Amino acid sequence: MSQTNPSLVTDPADVGQNQLPQVTEPRNPGMPLDMDWVRAVQVNTSAVERRAASLPARRSVKKDHQAAWLLRAISCIDLTTLSGDDTARRVQRLCAKARQPVAPALLEALGVEPITVGAVCVYHEMIAPAKAALAGTNIPIAAVSTGFPAGLSPLELRIREIEMSVAAGAGEIDIVISRRHVLSGDWQALYDEMRAFRAACGDAHVKAILATGELGSLRNVARASLICMMAGADFIKTSTGKESVNATLPVTLVMIRAIRDYYERTGIRIGYKPAGGISKAKDALTYLAMIKEELGDRWLRPDLFRFGASSLLGDIERQLEHHVTGSYSASYRHAIS
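> Honestly, helix α2 (residues 45–58) in this entry has me stumped. Any pointers?
An α-helical segment advances 3.6 residues per turn. Residues three or four places apart therefore align on the same side. Compared with the 20 Å implied by 1.5 Å per residue over 14 residues, the 21 Å span of α2 between its first and last C-alpha is a close match. Within α2 the residues assigned to the buried category are Val48, Arg51, Ala52 and Leu55. What you see down the axis of α2 is that its buried residues fit within an arc of 95°, all on one side. Exposed and facing more than 90 degrees away from the buried side of α2 are Arg50, Ala53 and Ala57. Buried positions along α2 lie against α10 (218–230), α11 (249–266) and α12 (281–294).

Structure (structure tokens):
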């Protein structure tokens, strides 16, 4: 992502050719729990933190290249509303934004075809209005499930919640793991739980939310990532967005290196979703740069990478408008819902 090798797409106009319907990888079938592999996982925390801290300072893109990267970021956003006061009307407005995340005049000035976000993420009760609002598009609905965000409801209820959301039309299910299994080192229980969630999802893709801010150590993050992939997760995701600490660059580095290890051993590509606290366009660029360096360009598409965000889109729009006009617009002009 340097000026000598600046972009994953060299022209913003190319971005419009990379949108939905998404290219999809084979589903992750999982594998038997390999405790030798799990026990061998170690993390050098100081080295991870140094590597993560070095990235923002040495990677930058400017002008058309930055616009291209920001458009790619938009295509990888799970546009999200997970509030207790969600209404059908709010979800309808969110879906309208998902269908047209960038003002047509800006896209025309950039020479880009219309784009969409990667998915719309809602609670189970909001699947029906989201499905109606997204009719005629290929934008998938992602439903949070399994007692989100704490994941402490009975297992039978969590499994039934998944089944109900799939039946209602969710094409992706964001499940939360039981953190106690990680904190107590009960890896078999975590594996069995994840296998049950994967089975309940059927044809719907499953994203395993690790709630990394509550797992105690980066080694626990790495081991939980690996076990969820062994159990069949299609994506691993940092956070619910409700924890005190959500997505961070050190956690991201640990998780995507686990993804790389899993791919090297099995040939299966697992997706990655940082969520919570990513609200600035410059932060999105840093995450994309890390993905490119550690996993390669194939992971920079919405079937393998997502941002769990809402306010991020507004800031990206402001940056794109500045690129086109030379002026920043007020944030209220880019409201999400």
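Okay, back to it.
> What is the right way to read the pattern of salt bridges from this model?
Two side chains that carry opposite charge are able to pair once their charged atoms sit near each other. The full count for this structure, using the stated rule, is 25 salt bridges. We note a salt bridge from arginine 269 to glutamate 25, for which the minimum N-O separation is 3.4 Å. With arginine 269 in the loop between α11 and β7 (271–273) and glutamate 25 in the segment before α1 (35–40), the pair connects residues that are 244 residues apart, well separated along the chain. With a relative accessible area of 24%, arginine 269 lands in the partly exposed category. Taking relative accessible area as the criterion, glutamate 25 reaches 19% and is therefore assigned buried. Aspartate 315 is the salt-bridge partner of arginine 318, the closest N and O atoms lying 3.8 Å from each other. Separated by three residues within a single helix, arginine 318 and aspartate 315 lie in helix α13 (residues 311–325), roughly one turn from each other. A relative accessible area of 21% means that arginine 318 is categorised as partly exposed.

> In this structure, what is going on with the side chain of serine 225? I would like to understand it.
Note on placement: serine 225 falls in helix α10. Accessibility expressed as a relative area gives 0% for serine 225, which makes it buried. With residues near it in sequence (within four places) discarded, serine 225 still touches Leu210, Ile236, Met255 and Ala258.

> Can you walk me through the sheet that holds strand β8 (residues 307–309) in this structure?
Sheets are built from strands paired through backbone hydrogen bonds, the pairs being either parallel or antiparallel. In spatial order, the strands read β7-β6-β5-β4-β3-β2-β1-β8; together these eight strands make up an open sheet with parallel pairing. At either end of the open sheet lies a strand with only one pairing partner, and these are β7 and β8. The average angle at which neighbouring strand axes cross in this sheet is 25°, direction not considered. As paired strands, strand β3 (residues 141–144) and strand β4 (residues 172–176) are joined by three bridges and run parallel to one another. Looking at β4, one finds that valine 144 is bridged to aspartate 174.

> Hey, could you run me through the pairing of β3 in this one?
Every other side chain in a regular strand lies on the same face of the sheet, so the side chains alternate between the two faces. Alternating residues of β3 divide into Ile141 and Ala143 and Ala142 and Val144, and every residue in both groups is buried. What joins strand β2 (residues 119–122) to β3 is helix α6 (residues 127–133), and the crossover it makes is right-handed. The β-α-β motif built from β3, the intervening helix α7 (residues 155–168) and the parallel element β4 has right-handed crossover chirality.

> When you look at the confidence of the model for the protein in this model, what are you seeing that I'm missing?
A low pLDDT score tells you not to read the predicted coordinates there in detail. In this model, the protein carries an average pLDDT of 91, and 91% of its residues clear a pLDDT of 70 or more. Considering only residues more than four positions removed or in separate chains, one finds that residues 1–13, a stretch of pLDDT under 50, has 36 contacts.

> Any chance you could explain the nonpolar core here in plain terms?
The nonpolar side chains of a soluble globular protein tend to be buried, and buried together. Within the largest apolar cluster, 100 residues are counted, with the highest numbers of intra-cluster contacts made by Ile74, Ile175, Met194, Phe307, Ile316 and Leu320. If we ignore the near neighbours within four places in the chain, the residues touching methionine 194 are Ile175, Val206, Ala208, Cys228, Ala231 and Ala233. Formed by seven residues, the second largest nonpolar core is a distinct cluster that contains Cys121, Val144, Phe148 and Ile209.

> Explain the packing of aromatic side chains to me, please; I cannot follow it from the model alone.
Two aromatic rings, taken as a pair, are described by how far apart their centres are and by the angle between their planes. A full pass over the atoms with the stated rule returns six aromatic pairs. Plain terms: the ring middles of tyrosine 123 and phenylalanine 148 are 5.9 Å apart, the flat faces sit at 75° to each other, and that makes the pair edge-to-face. A residue pair is termed long-range when its members are at least 10 positions apart, and tyrosine 123 in the loop between β2 and α6 and phenylalanine 148 in the loop between β3 and α7 qualify at 25 residues. Under the relative-accessibility criterion, phenylalanine 148 is labelled buried at 10%. A centroid spacing of 4.8 Å and a plane angle of 85° characterise the contact between phenylalanine 305 and phenylalanine 307, whose relative ring orientation is edge-to-face. Each residue in the set Tyr272, Tyr287, Phe305 and Phe307 is aromatic and connected to the rest through ring pairs, giving one cluster. Stacked on the ring of phenylalanine 235, the Lys or Arg lysine 207 has its end atom at 5.9 Å from the ring centre. Positioned above the aromatic ring of tryptophan 37, the side-chain terminus of arginine 265 is 3.9 Å from the ring centre.

> Would you explain unusual backbone geometry in this entry?
Where the residue is not glycine, phi is negative for most of them; where a peptide bond is considered, it is trans in most cases. Between phenylalanine 148 and proline 149 the backbone carries a cis peptide bond, its omega angle lying at 5°. Mapped onto the elements, proline 149 comes out in the loop between β3 and α7. The phi angle at threonine 146 is positive, at roughly 60°, despite the residue not being glycine. Residue position: threonine 146 is located in the loop between β3 and α7. Not every positive phi belongs to a glycine, and alanine 211 is a case in point at roughly 50°. Tracing the backbone through its elements, the reader meets alanine 211 in the loop between β5 (205–209) and α10. Judged by relative accessible area, alanine 211 falls into the buried class, the value being 0%.

Conventions adopted
Residues numbered from 1 in each chain as written. Predicted model: local features only at pLDDT ≥ 70, side-chain atom pairs only at ≥ 80, totals over all residues. Heavy atoms only, no water. Helix = DSSP H or I, 4+ residues; strand = E, 2+ residues; numbered from the N terminus. Expected span 1.5 Å × (residues − 1). Buried < 20%, exposed > 50% of the residue type's maximum accessible area, 1.4 Å probe, protein only. Arc of directions from axis to C-beta. Contact = heavy atoms within 4.5 Å. Salt bridge = Lys/Arg side-chain N within 4 Å of Asp/Glu carboxyl O. Pairing = 2+ DSSP bridges. Axes fitted to C-alpha atoms, helices over the stretch in contact; angles between N-to-C directions. Right-handed = clockwise from strand over helix to strand, strands pointing away. pLDDT = per-residue confidence, 0-100. Core = buried A, V, L, I, M, F, W, Y, C linked by side-chain atoms within 4.5 Å. Phe/Tyr/Trp six-rings, centres within 6.5 Å; stacked < 30°, edge-to-face > 60°. Lys NZ or Arg CZ within 6 Å of the ring centre and 35° of its normal.

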